[in-house]
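Reading the structure
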Amino acid sequence: MGLQAGIVGLPNVGKSTLFNAITKKHILAANYPFATIEPNVGVVTVPDTRLDYLVSLYNPKSIVPTTFEFIDIAGLVSGASNGEGLGNKFLSHIREVDAIVEVVRCFDDENITHVEGKTDPIRDIEIINTELILADLEIAVNRLGKIEKKAETTKDKEAIKEVNVLKKIKENLEKSIPLRLVEFDKDELDIIKNFNFITLKKLIYVANVDEEAASIGDNEYSKILKERADLEKASVIVMCAKLESELADYDNEEREAFLKDLGISASGLDKLIFATYDLLDLATFFTSGADECRAWTFRKGMKAPECAGIIHSDFERGFIKAEVMSFSDLEAAGSELRVRELGRLRLEGKEYIMQDGDIVYFRFNV
């Protein structure tokens, strides 16, 4: 599945430094606003020890981990909704992602310019939220202007439904409430899905701290950010982007040793990758054998035929059954043959809801 998380924030908060770390690429990370103009795209591998186990068991010719994309989007400034900074260019890029990773500066450094003069996480969040809300409000108001009269004159049921949900959106945005905090039923979400409202997208905050705070786990700025995030029912990952970028060049053993010396229990990058994966309600199923061991990304709640379609559209169209065993059963049994002997291999039909860790072979006929 082609899923994307956009890294956003004010200029010079550490977005591109973070991007360098998670993708192990070395793009421009300069100390001036708008060093990033076109969005940089990087594919991130989701660490998964289950795939490592399958590889050790099957010794396949090919190994394909599950991935998704992180996109580094140019810094947003106050007035972007009216064209300030990169304005509409930024907003068009952010509309295309599935989720938002908002990097918030939570450190002081006189050598790194802050576009607003000084460190203030809440002010920075409010600047971005305001611009995104104004951008969404403009779309809602423009669409209402086009369809409201039609709904009144034709009494078209679908048009009336759209007007009602757009009015609901407009009322909440005018109160500075992001749409992700507004309850919508399935019909309402179906009506508005093509508008790509930015504030409807799921969001996670990254508190970008210095090395000292990273080793402790918090500082005064990140604590303030967490309090704000709690009100929005959002998660916060505390990390030092500069440190993570340096660690990206180390191998696994060196990285673990270095983190241990600093008193950091786990990489902030791994925490962010897992949190973003979870934020998008994603899970993993596997296909395995002598030719290939592969991890596949799917959305929680998807049925077996839909997951078959992730591999190939013909698999979904001609779906018959799915042979399924759970990773925990395979690990406990020690071999696929033993799983079969224990009667733990299942045949599942079209209504089976796939589970994280399922190892599957799809039967189909086209």
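Before going into details, it helps to say that this report is about the structure given with it.

1. A word on the packing of aromatic side chains
Taken as a whole, this structure holds 7 aromatic pairs when the rule is applied. Ring centres of Phe285 and Phe362 lie 6.0 Å apart, and the angle between their planes is 90 degrees; on these two criteria the pair is classed as edge-to-face. Here Phe285 is found in strand β8 (residues 282–287), whereas its partner Phe362 is found in strand β12 (residues 358–364), with 77 residues between them in sequence. With respect to burial, Phe285 and Phe362 carry one shared label: buried. In this structure an aromatic cluster arises from ring pairing among Phe285, Trp296, Phe298, Phe319 and Phe362. Geometry around Trp296 places Arg294 over its ring, the cationic atom sitting 3.9 Å from the centre.

2. Some details on the pairing of strand β4 (residues 67–72)
As paired elements, strand β1 (residues 4–8) and β4 share 4 bridges and run parallel to each other. The partner of Gly6 across the bridge, within β4, is Ile71. The pairing of strand β2 (residues 40–45) with β4 spans 6 bridges and is antiparallel. Counterpart to Val43 in the pairing with β4 is Glu69.

3. What to know about the layout of surface pockets
Each pocket or cavity is described by its volume, and for the largest pocket that value is around 940 Å³. Every residue lining the largest pocket is counted, 29 residues in all, and those nearest its centre are Asp98, Leu189, Leu200, Lys201 and Lys202. Sort the elements by how many residues they give to the lining of the largest pocket and helix α6 (residues 186–192) lands first, with 4 residues. For the lining of the largest pocket, the per-class residue count stands at 13 nonpolar, 3 polar and 13 charged. Taken as a whole, the second largest pocket holds about 810 Å³ of empty space. Lining the second largest pocket we find 28 residues, and of these Thr45, Pro47, Asn252, Arg255 and Asp270 sit closest to its centre. Only α1 (15–23), β2, α2 (49–58), α10 (252–262) and α11 (268–279) provide two or more residues apiece to the lining of the second largest pocket. Looking at side-chain class alone, the lining of the second largest pocket contains 16 nonpolar, 6 polar and 6 charged residues.

4. Comments concerning the nonpolar core
Formed by 60 residues in total, the largest nonpolar core has its most connected members in Leu18, Phe70, Tyr205 and Leu272. The contacts of Leu272, once residues within four sequence positions are left out, are Leu18, Ile22, Phe70, Val101, Ile204, Val206, Ile237 and Met239. Counting 18 residues, the second largest nonpolar core, distinct from the first, contains Ile147, Ala159, Val163 and Phe195.

5. Quick look at the side chain of Thr66
Relative to the helices and strands, Thr66 is located in the loop between β3 (62–64) and β4. Filtering out sequence-adjacent residues up to four positions away, Thr66 remains in contact with Val44, Thr45, Val46, Tyr277, Thr284, Ala295, Trp296 and Thr297.

6. As for empty space enclosed by the protein
Counted under the stated rule, the structure contains 1 cavity of 30 Å³ or more. Approximately 40 Å³ is the volume found for the largest cavity. Among the residues forming the lining of the largest cavity, the class breakdown is 5 nonpolar, 2 polar and 1 charged.

7. Some remarks on the side chain of Asp48
Tracing the backbone shows Asp48 in the loop between β2 and α2. Overall, the relative accessible area of 13% leaves Asp48 in the buried class. There is a polar contact of 2.9 Å between the side chain of Asp48 and the side chain of Arg50. Non-local contacts of Asp48, meaning those with residues more than four positions away in its chain, are made with Thr284 and Phe286.

8. Side note on helix α4 (residues 121–154)
Between its first and last C-alpha, α4 extends 49 Å over 34 residues, near the 50 Å set by a 1.5 Å rise per residue. The sharpest bend along α4 reaches about 35 degrees and sits at Gly145.

9. Examining the sheet that holds strand β6 (residues 202–208)
Overall, mixed pairing links the 6 strands, which are arranged β2-β4-β1-β5-β6-β7 in an open sheet. If you trace the sheet from one side to the other, it starts and ends with β2 and β7 (235–239), each paired once. On average, each strand axis in the sheet is inclined to that of its neighbour by 25 degrees, with strand direction left out of account. As judged from the 5 bridges shared by β6 and β7, these two strands associate in the parallel manner. Residue pairing across strands places Ala207 opposite Val238, the latter belonging to β7.

What counts and how
- Residues numbered from 1 in each chain as written.
- Predicted model: local features only at pLDDT ≥ 70, side-chain atom pairs only at ≥ 80, totals over all residues.
- Heavy atoms only, no water.
- Phe/Tyr/Trp six-rings, centres within 6.5 Å; stacked < 30°, edge-to-face > 60°.
- Helix = DSSP H or I, 4+ residues; strand = E, 2+ residues; numbered from the N terminus.
- Buried < 20%, exposed > 50% of the residue type's maximum accessible area, 1.4 Å probe, protein only.
- Lys NZ or Arg CZ within 6 Å of the ring centre and 35° of its normal.
- Pairing = 2+ DSSP bridges.
- 1 Å grid on protein atoms, 1.4 Å probe; cavity = no way out; pocket = protein on both sides within 12 Å on 5 of 7 lines; lining within 4 Å.
- Points joined across faces, edges and corners; volume = space filled by probe spheres on them.
- Nonpolar A, V, L, I, M, F, W, Y, C, P; charged D, E, K, R; others polar.
- Core = buried A, V, L, I, M, F, W, Y, C linked by side-chain atoms within 4.5 Å.
- Contact = heavy atoms within 4.5 Å.
- Polar contact = N/O pair within 3.5 Å; in protein donor to acceptor, adjacent residues only side chain to side chain.
- Expected span 1.5 Å × (residues − 1).
- Bend = angle between axes of the 7 residues up to and from the residue.
- Axes fitted to C-alpha atoms, helices over the stretch in contact; angles between N-to-C directions.

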